[in-house]
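# Structure at a glance
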Amino acid sequence: MKAPGQAAGADEPARVLAVWCPGWPEEDASGAEARAFGEVITVVEGFCPEVEILRPGLCLLAARGPARYFGGEDALARQIAAAVTAHGVVCHTGVAAGQFAAALAARAVRPDSTGVVVPPGGARQFLAPYPVHVLAAPALAGQLARLGIRTLGDLAALPARDVASRFGAEGTAAQRVARGQEARRLATGPPQADLSAMLEFDPPVHAEPAVFAAKGLAEQMLAGLASRGLSCARVRVEVTGTDGRESTRLWRHDGLLSALAVAQRVRWQLDGWSPGSAEDGPDESVCGIAMLRLVPDHLVPDEGRQLGLWGDDLISGRVERAAVRLQAMLGHESVAHPVLAGGRGPGEQVMLVPFGDIRDARHPADRPWPARIPPPAPATVYPVPRPARVIDAAGVPVTVTGRAAVSASPDALTVGDSPWLAITAWAGPWPVTERWWDERNATRRARFQLVTEDGIAWLAAVELGRWQIEARYD
Amino acid sequence: MREKTSQLTGHMERLPAAAATASDGTSSGNSVFLRAAAFSRPDGASGSYGDIVVSGDAVLPVLPALAELLPAGGLARGSVVAVDRSGLLCLALVAGASAAGAWCGVAGVPDLGVVAAAGLGAAPARLMLVPDPGPGWPQVVASMLEACEVVVVRPPARPQAEARRRLEGVLRRGGGVLVVAGEWEGAPVRLRVTRRSWAGIGDGYGSLRACRAEVVAEGRGAVTRPRRRWLWLPAPDGTVAPDETAAADLSFRGSAVTGEAARAAAAPRRAAR
């Protein structure tokens with residue numbers, strides 16, 4: 001007898017349940033969101049011990065076993081959603097064959113706010129109306145769209161051989177996804193050798209040195225895989241504390257995991273588990289980290305191309321080594337790499353991403369941003385705007401009315417405690433009302449450009465009568 | 001001087017092909033060090049390289065507008081360039097090398113204008129930023145120099161003689177370039193902006209469009225006599241360009257002024273009337 005999951009053909013991937021928490025701050029730079037998501041994972045782990053975290057806000061689990069126990073996939077999806085929602089987090093669940101379809105099913109919320117359960121064999125039909133842009137491959141999606149292949153259904157209908165010859169490994173993977181199959185054929189059979197990498201800490205260490213060691217350990221694991229022509233899309237991180245406590249978590253990556261990406265996930269896991277956290281009390285010596293083990297999972301043939309990974313700029317080993325050494329010296333967040341993003345203010349147009357992390361810009365840079373400060377861009381952009389005062393010729397502070405009228409010509413400027421400088425030219429006010437739909441983040445301010453007697457130009461903003469210097473043109 | 005140069009060229013020619021192929025500026029780490037080693041060995045000279053004029057390999061490219069200001073026509077490997085009171089000039093100095101494929105490190109500049117750097121041609125993807133290197137900044141800079149061809153540093157405090165000597169040693173051995181935003185005693189080249197005027201902005205109207213700046217290069221050796229150039233820093237398109245209007249103004253021939261830059265320059269004059 002065939003199990004229902006196999007009915008649609010041997011190539012259909014296993015049933016996957018996706019748990020999606022909409023509005024999760026995925027790009028928060030602090031990593032705190034990964035820790036907070038740990039609580040959601042703990043709830044989901046009550047249903048199934050093996051939970052894969054795709055990224056903060058989205059996790060997956062194999063649906064087959066738990067669905068039998070909890071009375072069907074639909075019932076399982078509802079129960080998980082209810083349990084997470086009861087925890088105070090908005091959550092949707094969806095079930096489909098394969099992780100890609102499942103993640104989309106969780107987003108396709110039905111009117112009664114439960115997720116969609118795509119029946120076995122129905123993944124291709126379910127995916128067909130989605131635009132190709134849902135694939136994590138913007139360049140490929142752009143090419144396809146220009147060729148008139150706008151939906152996953154169109155892509156799935158193309159002959160596989162033509163797709164392979166025109167778009168290579170990336171195109172093949174995308175088409176397999178569109179057809180409701182796994183992106184890559186899984187390497188069949190269990191690996192012959194033990195490909196995991198393990199490190200025992202003697203004496204036990206705390207989180208930061210363990211993360212540092214994890215980078216080396218991940219390199220060792222990946223080198224072992226590479227020598228067999230394999231790569232992994234998932235890694236199991238096992239941490240054992242000196243008090244015998246264990247933390248095991250599966251991490252998946254949209255692309256293939258690099259050594260630094262693995263280390264980053266170890267850090268997230270240790271942040272959530274940290275022996276130094278308040279519940280364990282301050283005595284850290286009792287519960288250090290004794291052992292760290294990385295087990296590669298979901299082995300796939302290494303096809304040399306990574307889907308949806310950041311940029312083409314491969315960081316050479318020389319730079320990576322120096323960055324790792326600096327991070328060991330100063331902390332992970334202290335060595336960064338700028339990513340241009342969209343935004344109106346000069347500070348919003350750049351995101352600093354710690355070296356080794358992969359994060360896309362919150363807002364893409366190539367969209368129009370009306371009311372953006374006209375170029376040239378300032379050479380000095382204060383991370384935190386500096387308080388300033390601007391007065392007119394009579395010595396009265398300059399103000400701006402709600403209708404963007406200036407009380408008088410600005411005459412002198414002082415930034416912080418520095419001496420007053422005469423203003424020789426100025427322009428503005430340029431009112432900016434941002435995010436008016438969002439009470440918490442809404443801002444309403446007016447920007448000015450001021451040139452002072454020393455030849456320096458300033459980008460100033462006045463909000464609720466307070467002047468601030470956002471940037472300096474020097 | 002000429003003798004030193006020819007001696008150096010001779011040494012360069014005798015080097016194996018590996019060093020020669022590394023002349024495109026996009027070379028990998030190994031060849032960079034190979035090249036640097038080749039440069040620092042020839043005559044055992046331990047002095048500053050600011051007074052040796054060499055072309056090609058031994059200098060990192062800079063934006064064309066800045067080449068005239070620098071005695072080597074670029075950033076001489078193993079040397080220090082100090083830049084006073086101009087954020088954009090610092091960025092412009094490294095933009096040429098970055099565009100040519102070099103990695104740039106920036107230490108102690110939390111307020112770096114990355115958008116401006118990108119506008120000058122620098123590649124943000126090859127920037128390594130350490131906004132707050134702390135009191136151990138010389139060590140941080142030394143580590144960054146192992147990865148990056150150019151490092152920009154704004155020392156949190158006036159650099160001690162010992163730290164200076166140590167970093168100069170690292171530079172000579174590794175062949176990197178250090179651009180210091182601030183004071184550096186004994187720097188072979190010091191650049192500063194002495195005068196500037198903004199175009200496009202008036203008394204309550206317009207917006208900043210371009211800036212004419214007089215840049216002065218001073219230093220030891222070949223730069224004992226200060227060089228002065230008027231530059232567009234930045235030009236209306238965000239880049240750096242020599243300011244031809246200044247030359248025209250000096251020779252009292254306004255008709256030579258053409259193009260976007262001239263229109264930008266004309267704006268404040270119109271405003272004055």
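A few points on the structure. (Residues numbered from 1 in each chain as written. Chains lettered and ligands numbered in written order. Predicted model: local features only at pLDDT ≥ 70, side-chain atom pairs only at ≥ 80, totals over all residues.)

We now examine the pairing of strand E9 (residues 206-219) of chain B. All names here are of chain B. Two strands pair when backbone bridges link them, and strand E8 (residues 189-201) and E9 are joined in this way by 11 bridges, in the antiparallel orientation. If you follow Arg 196 over to E9, its bridge partner there is Ala 213. The turn linking E8 back onto E9 is made up of four residues, and Gly 204 within it adopts a positive phi angle of 100°. The pairing of E9 with strand E10 (residues 227-232) spans six bridges and is antiparallel. Note on E10: the bridge partner recorded for Ala 217 is Arg 227. (Pairing = 2+ DSSP bridges. Helix = DSSP H or I, 4+ residues; strand = E, 2+ residues; numbered from the N terminus.)

Further remarks concern the sheet that holds strand E7 (residues 246-252) of chain A. Residue and element names in this part refer to chain A. A sheet is described by the order of its strands in space; here eight strands give the open sequence E4-E1-E3-E2-E7-E6-E8-E5, paired in mixed fashion. The sheet is open, and its two borders are formed by strand E4 (92-97) and strand E5 (197-205), each paired with just one other strand. The sheet shows a mean angle of 25° between the axes of neighbouring strands, direction not considered. Alignment of strand E1 (residues 15-20) against E4, held across six bridges, turns out to be antiparallel. Within E4, the position partnered with Val 19 by the bridge is Thr 93. Docked against the sheet, helix H3 (residues 73-86) engages E1 and E4, running at close to 150° with respect to E4. (Axes fitted to C-alpha atoms, helices over the stretch in contact; angles between N-to-C directions. Contact = placed C-beta atoms within 7 Å.)

Moving on to the environment of Leu140(A). All names here are of chain A. Checked against the element boundaries, Leu 140 lands in helix H6 (residues 138-146). Taking the C-alpha atoms as reference points, Leu 140 and Ala 174, separated by 34 residues in sequence, lie 8.8 Å from one another. Those residues within four positions of Leu 140 in sequence are excluded, and the remaining contacts are Leu 135, Phe 167, Glu 170, Gly 171 and Ala 174.

Quick look at the interface of chain B and chain A now. In this complex, chain B contributes 44 residues to the contact, which on the side of chain A involves 42 residues. Residue assignment for the side of chain B that touches chain A shows that the elements contributing at least two residues are helix H5 (87-99), helix H6 (114-120), strand E5 (127-130), helix H7 (137-147), E8 and E9 of chain B. Of the residues belonging to the side of chain B that touches chain A, the class tally is 22 nonpolar, 14 polar and eight charged. (Nonpolar A, V, L, I, M, F, W, Y, C, P; charged D, E, K, R; others polar.)

Before going further, it helps to spend a moment on unusual backbone geometry. Residue Pro429(A) is reached from Gly428(A) by a cis peptide bond, and omega for that bond is -5°. With respect to the helices and strands, the residue Pro429(A) is situated in strand E13 (residues 421-434). In this model, Leu233(B) is joined to Pro234(B) through a cis peptide bond whose omega is 5°. Even without glycine at this site, Leu464(A) takes up a positive phi of about 50°. Note that Leu464(A) resides in the loop between strand E15 (457-463) and strand E16 (466-473).

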